[in-house]
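Listed here are the chains, written in short residue letters.
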Amino acid sequence: MQAPFRVGLGYDIHRLVPGRRCVLAGVEIPSEVGPEGHSDADVALHAVADALLGAAGLPDIGQLFPNTDPSLAGMDSARIVDRAVREARALGWQVGNLDLTLLAERPKIVRHVPAMKARLAQLLGVEVAQVGVKATTSEGLDAVGEGRGIACHAVVLLFRA
Ligand code: MG
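A brief report on the enclosed structure follows. Fair warning: this is a prediction, and the values are worked out from it, not measured in the lab.

**Focus: the nonpolar core**
The biggest cluster of nonpolar side chains holds 50 residues, and the ones touching the most others in it are Leu52, Leu100 and Leu124. Broken down by secondary-structure element, the contributors of at least two residues to this core are α1 (43–56), α2 (61–64), α3 (78–90), β5 (93–103), α4 (113–124), β6 (131–136) and β7 (149–160). At 11 residues, the largest contribution of residues to this core is made by α1.

So, in structure tokens, the structure goes:
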């Protein structure tokens, strides 16, 4: 018998480069650097999508949206999350809550957290109170700490509706 709850974990990291748009959790942030990638490189939405897909036992985003597919270049990563939510729902799962942590030395994220939570709640079809967004630095350690990258961890709980 299937358990009535499933938990999923997502992780992503992207290189930060000058002159790229900086879109995090679906919110565009003024920044001199942005995540490099095939799509809009939204590291938070990629981690969220993988958490959803993992919880639902579905293939990961690299399989659903290959970064070798030219038609996906510059794509809004909201499309990825939207598909993950729809596929999880098709299997009878609803989102209980999402929690994520962004790791970055730059740009400064804290003032954008309310907008990120609102956008994530909209994408997942849940209340803002079901979404957690936190940001921290890496204290000058590793690639993130040196400001060369931005990473995100996400956890999602799904339940049987
Ligand atoms: Mg990614």
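On we go.
**Digging into the coordination of the magnesium ion**
Each protein donor to the magnesium ion is listed here as Asp12 (OD), His14 (NE2) and His46 (ND1); together their distances run 2.0 to 2.2 Å. Spacing between the donor residues of the magnesium ion along their common chain follows D-x1-H-x31-H. Of the two residues, His14 is situated in strand β1 (residues 5–18) and His46 in helix α1; the sequence distance between them amounts to 32 residues. Residue His14 shares its accessibility class with His46, and that shared class is buried.

**Re the packing of aromatic side chains**
For the structure shown, the criterion picks out 0 aromatic pairs. A cation over an aromatic ring shows up here: Arg83 above the ring of Phe65, its NZ or CZ 5.5 Å from the ring centre. The cationic tip of Arg160 hangs over the ring face of Trp93; the distance from NZ or CZ to the ring centre is 3.9 Å.

Conventions used here
Residues numbered from 1 in each chain as written. Predicted model: local features only at pLDDT ≥ 70, side-chain atom pairs only at ≥ 80, totals over all residues. Heavy atoms only, no water. Core = buried A, V, L, I, M, F, W, Y, C linked by side-chain atoms within 4.5 Å. Buried < 20%, exposed > 50% of the residue type's maximum accessible area, 1.4 Å probe, protein only. Helix = DSSP H or I, 4+ residues; strand = E, 2+ residues; numbered from the N terminus. Donors = N, O, S within 2.8 Å, 3.2 Å for Na, K, Ca; no water. Phe/Tyr/Trp six-rings, centres within 6.5 Å; stacked < 30°, edge-to-face > 60°. Lys NZ or Arg CZ within 6 Å of the ring centre and 35° of its normal.

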